[in-house]
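Analysis of the macromolecular model
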Amino acid sequence: MISTYEPNGIEGERPASTQSCRPEIELMPNGVLLVCWPPNATIEVPEALAAIAHLEQLGGNAPRPVLVDMCGMRYASSAALNRFARTISATRMALVGTSPVERTIVQFFQAIHRPSYPVAYFAQNAEALEWLAAVETTGY
């Protein structure tokens, strides 16, 4: 089931942008939450909070592995990345991108925001899914 979450607004925050910055989020049969950001996405706190709320809803508030397709992402604010690092109840997160911008966002996310779950960057979804499966079975 793929859906796009449109919040009515989050208390204390402006409503999420209506400029195609809502990701498609799916709970895959293997239990992985798949997040696909649209090309040229610019993510600020409202977009992050809306995505987090949808992840929690689909994941049943249980910690799950998360696969994030960020191909074509243009920008993610430090405040938004902090929300992802501090709020998502993920067991681990694989981020997929192909550009220097995406790699820089991931490096900044890991170094500055230091999420409590393992994070790795990949160029292809298949590699990311293999890593998520290996981490699931080995615990590393």
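See the structure above.
Residues numbered from 1 in each chain as written. Predicted model: local features only at pLDDT ≥ 70, side-chain atom pairs only at ≥ 80, totals over all residues. Heavy atoms only, no water.

Observations concerning the overall build of the chain
Across its full length, the chain holds four helices and eight strands. Moving toward the C terminus, one meets the helices and strands of the chain in the order β-β-β-β-α-β-β-α-β-α-β-α. Burial status across the chain gives 46% buried among its 140 residues. Long-range pairs, those at least 24 residues apart, make up 78% of the contacts in the chain with a sequence separation of at least 6. (Helix = DSSP H or I, 4+ residues; strand = E, 2+ residues; numbered from the N terminus. Buried < 20%, exposed > 50% of the residue type's maximum accessible area, 1.4 Å probe, protein only. Contact = heavy atoms within 4.5 Å.)

Side note on the packing of aromatic side chains
Counted by the stated rule, this structure contains two aromatic pairs. Aromatic side chains Trp37 and Phe84 sit 6.4 Å apart centroid to centroid with 75 degrees between the ring planes, which places their arrangement in the edge-to-face category. A residue pair is termed long-range when its members are at least 10 positions apart, and Trp37 in the loop between β3 (33-36) and β4 (42-43) and Phe84 in helix α2 (residues 78-87) qualify at 47 residues. The exposure classification of Trp37 matches that of Phe84, with both residues buried. Arranged with centres 5.7 Å apart and planes meeting at 45 degrees, the rings of Phe122 and Trp131 form a pair that is tilted. (Phe/Tyr/Trp six-rings, centres within 6.5 Å; stacked < 30°, edge-to-face > 60°.)

What about the environment of Val101?
The residue Val101 is located in helix α3 (residues 100-113) in this model. Taking relative accessible area as the criterion, Val101 reaches 40% and is therefore assigned partly exposed. In the structure, Val101 is positioned 26 residues away from Tyr75 in sequence and 7.9 Å away in space, judged by C-alpha atoms. In this view, Val101 contacts Met73 and Arg74; residues no more than four positions away in its chain are not counted.

Some points on the pairing of β3
Bridge count between strand β2 (residues 24-27) and β3: four bridges; the pairing is antiparallel. Bridging from a neighbouring strand, Ile25 pairs with Val35 of β3. Between the end of β2 and the start of β3, which pair antiparallel, lie five residues, with Gly31 showing a positive phi angle near 90 degrees. Pairing analysis gives four bridges linking β3 to strand β5 (residues 64-69), with the strands arranged parallel. Looking at β5, one finds that Cys36 is bridged to Asp69. (Pairing = 2+ DSSP bridges.)

Considerations on α3
Over its 14 residues, α3 runs 19 Å from end to end, which matches the ideal 20 Å to within 8%, given 1.5 Å per residue. Among the residues of α3, Glu102, Ile105, Val106, Phe109 and His113 are the ones counted as buried. Down the axis of α3, the smallest arc covering the buried residues is 95 degrees, so these residues share one side. Facing away from the buried side of α3 by over 90 degrees, the exposed positions are Pro100 and Ile112. Each element contacted by the buried residues of α3 is listed here: β6 (75-76), α2, β7 (90-96) and β8 (119-122). Phi turns positive, to about 40 degrees, at Arg114, one or two residues after α3. (Expected span 1.5 Å × (residues − 1). Arc of directions from axis to C-beta.)

Quick word on the nonpolar core
The biggest cluster of nonpolar side chains holds 31 residues, and the ones touching the most others in it are Trp37, Ile43, Phe84, Met93 and Phe109. The element contributing the most residues to this core is helix α1 (residues 45-59), with five residues. In this view, Phe109 contacts Leu81, Phe84, Ala85, Met93, Leu95, Arg114, Pro115, Tyr117 and Val119; residues no more than four positions away in its chain are not counted. Counting ten residues, the second largest nonpolar core, distinct from the first, contains Leu34, Val96, Ala120 and Leu132. (Core = buried A, V, L, I, M, F, W, Y, C linked by side-chain atoms within 4.5 Å.)

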